[in-house]
Amino acid sequence: MDSSPVNWEALDALIIDFAKSENLIEDSSPPSSPSLSCSSYHSRLIIRQIRHLLEAGKFDPAIDLLRSHASFVLEDPRLLFRLQKQKFIELLRKGATEDRGSAIDYLRKSLAPCALNAYPEAYEEFKHVLLAFIYDEDDETSPVANEWAEKRRYEIAGLLSSVLRAHLHAYNPIFSMTLRYLISIHKGFCFRQGIVSPISNLTERLLLEERDPPAIPQDSLCEAQPFDEVDIQALAHAVELTRQGAIDSLRFAKGDLYQAFQNEICRMRLDAAMLDELVREYCIYRGIVESGMHTLFEPFGWCSSRDFSLDMDYSSAKHSISETSTTTTSDLSSMQGTEDELRYASERTNNLDDCSTSGSHQSENLRLLRDGGHGAGERSKRKRWRGRNDELDLVSDIHVNRYAKQEVSTAMPVASTTISKVQQGVENINREDKFEIVLGVKELASRGMAAEVVEEISALDPNFFEQNPVLLFQLKQVEFLKLVGLGDHSGALRVACSHLGPLAASDPNLLKPLKETLLSLLRPNEDALPTGLPVHALATSLQVAFGKRFGIEEPQLMRIMRATLHTHTEWFKLQMCKDRFESLLRIDSLRENNTHMLTSLATSKSNTDSCTHGSSQVTISSTTHVLDDGSSPNQASSSDVICDENAILKVMEFLALPRADAIHLLSQYNGNAETVIQQIFA
């Protein structure tokens, strides 16, 4: 499966906002971007506390929390009856004589009066649950086996979570909702197209199958729905609802499509422990948080002659869920540097110089660490990962242990990666120093210091650019354009003759971008270097490729984002419409729109999509078809058929079809919705 380029800077911002919103990092500043939810971290924590108490069968403390923080729930007779009915079952489940007496007393004073006014079916449910006095919990054939089932705890906990999220506006951070949405579309696309997902081992564990029950709308289901069919179909297909389910969701949200979408997307369940670990791994890789490798590997300042297993150390660092990072600042305060130097510095450099394991060769390769004084300041800006220390034991040990075991299975392939023979000259560098070198190279590249990047990488790994000529070409493009921008045309031409020309001669695909790069000589000096030059994308590509040479695999979250963004794009090509929720979830900003600018410098910037949140009024069915045999969706049709949006919606509504299938049928009957419906029901 192909993957889409990602705007990693935009993803960094979303993840930092997520980590701050969930209080996962120690940082005094508020989230960088305004969250979609108006709630605080405290509100989400209260909801999680109530949820886990209900799932554990502890209804009294859960009701106390509801009374203190969300009394409106106890004022809703429908919700109150469900709570009281389950509490009655939990009293009987305890089995003691005094508990049975408490259940009878509770039945008389609370459950029976509430059943009279809760909802029409409540009194029948009340009489039915009385059978729990007679039939034992272990009798799976009893008429109240469902009432005894522990899954009922999870259902009521999920229902209350949905209600509380909506009323308190305690939605998950944007990144969490975006990930739910992208993975959901990815799974649906792969299933529909008959494609095996390359990230199924991650997505199946991350996005759980079960969803929370939907919140109950206040209005009667019998009244006519006043909502636009465009909104109904958009919501139904975005979050896999029936048409009636979408109407109910819109009714609960009082017609607000985007609030209804948030309600539905937050019903999807993510494995929180796994998500936190994926985010932590990504943050360490990107230099957002401290790695804490000193505490994981060896005491600070201690020089060991032993050859540690670098990969196994890294694997253990990845799946230590509860590990919190520590940092040593005593040696950092004495380091100084300039703006153009690297973001990293090793406190252990002097100690490494005294080691006898690597000699002068290692000392030469660590020149970056010795000279990168500015890196101390950059490194000190990294946040400290704290984890969910405020969860108050909400996550059970069983859940954490199960996740830890699963994470080992996915981390082992990374841990088994061996360093190639080409890198034997640097394999004695300790794991943290390798990690910092890669981050330093990324920092240089992100500043556009292409010549310095090439020099440092070549010193550490002389064969790297032989195996990655496209990266060298792009770095030399940046160097060429910087020289042109400074007015040094002769220097720029030397770079072109020495590097760009030979590289293009060995790879014909680089000939066109070479010609386009040379056109910058015709521009004024100040316009030679485009403002949108994607040096950050190049820096990330360089970090991934160079890191692999050191045995540092890219984070699994990067794989997930590439694959899911690609399937999101392909899915809406099939739908022949714009995703109405991509701006809400920042999906549009996650796509790297300028990725190919280095190889297309002569072309103007692509026009931004002017499509609004609304649906297109006309769709041309010409190149995209959904085929029953699962073949490629990119086969051209014999003719172009213009499909009116109302016709598409009518077919979707009457036949309960996805948008792509509705368009496909309309294209066969000249866009006539009535003819399609008649043929189907004939």
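Note: the structure precedes this text.
The structure contained in this document is the topic of the report that follows. This one's a predicted model, so the numbers in the text were calculated from it and none came from an experiment.

## Comments concerning the overall build of the protein
Reasoning step 1: Looking only at helices and strands, the protein has 34 helices and six strands in total.
Reasoning step 2: Taking as baseline every contact in the protein between residues at least 6 positions apart, the subset at least 24 positions apart corresponds to 75%.
Reasoning step 3: Just so you have it, the protein exposes about 30800 Å², and 51% of that area is on carbon and sulfur atoms.

## Quick look at helix H27 (residues 489-506)
Reasoning step 1: Here H27 is 18 residues long and its end C-alpha atoms lie 24 Å apart, about the 26 Å a rise of 1.5 Å per residue gives.
Reasoning step 2: Along H27, the sharpest change in direction is near 40° and occurs at alanine 496.
Reasoning step 3: Every buried residue of H27 is accounted for by Gly491, Ala492, Val495, Ala496, Leu500, Leu503 and Ala504.

## Focus: the environment of phenylalanine 546
Reasoning step 1: Relative to the assigned elements, phenylalanine 546 resides in helix H29 (residues 535-549).
Reasoning step 2: Distance in space between the C-alpha atoms of phenylalanine 546 and isoleucine 457 is 8.2 Å, their sequence separation being 89 residues.

## Remarks on the nonpolar core
Reasoning step 1: Grouped together as the largest cluster of nonpolar side chains are 135 residues, with contacts concentrated most on Phe175, Tyr181 and Phe261.
Reasoning step 2: In this structure phenylalanine 261 touches Tyr181, Leu235, Ala238, Val239, Phe581, Leu584 and Leu585, once residues within four positions along its chain are discounted.
Reasoning step 3: Ile89, Ala103, Val129 and Val144 belong to the second-largest nonpolar core, a separate cluster that totals 19 residues.

## Some points on the pattern of salt bridges
Reasoning step 1: Scanning all chains against the criterion turns up 37 salt bridges.
Reasoning step 2: A salt bridge links arginine 48 to glutamate 22, with the nearest nitrogen and oxygen atoms 3.7 Å apart. Of this pair, arginine 48 sits in helix H2 (residues 41-55) while glutamate 22 sits in the loop between helix H1 (8-21) and strand S1 (25-26), and the two are 26 residues apart along the sequence. Across this residue pair, the class does not change: arginine 48 and glutamate 22 are buried.
Reasoning step 3: The partner of arginine 382 in a salt bridge is glutamate 436, and the shortest N-O contact between them spans 2.9 Å. Taken as a pair, arginine 382 in the loop between helix H21 (374-380) and strand S4 (384-385) and glutamate 436 in helix H23 (residues 431-446) lie far apart in primary sequence, 54 residues in all. Residue arginine 382 shares its accessibility class with glutamate 436, and that shared class is buried.
Reasoning step 4: What you see here is one network of salt bridges that share partners, running through Glu22, Arg44, Arg48, Asp276 and Arg388.

What counts and what doesn't
Residues numbered from 1 in each chain as written. Predicted model: local features only at pLDDT ≥ 70, side-chain atom pairs only at ≥ 80, totals over all residues. Heavy atoms only, no water. Helix = DSSP H or I, 4+ residues; strand = E, 2+ residues; numbered from the N terminus. Contact = heavy atoms within 4.5 Å. Areas by Shrake-Rupley, 256 points an atom, 1.4 Å probe, with all protein chains shown as cover. Expected span 1.5 Å × (residues − 1). Bend = angle between axes of the 7 residues up to and from the residue. Buried < 20%, exposed > 50% of the residue type's maximum accessible area, 1.4 Å probe, protein only. Core = buried A, V, L, I, M, F, W, Y, C linked by side-chain atoms within 4.5 Å. Salt bridge = Lys/Arg side-chain N within 4 Å of Asp/Glu carboxyl O.

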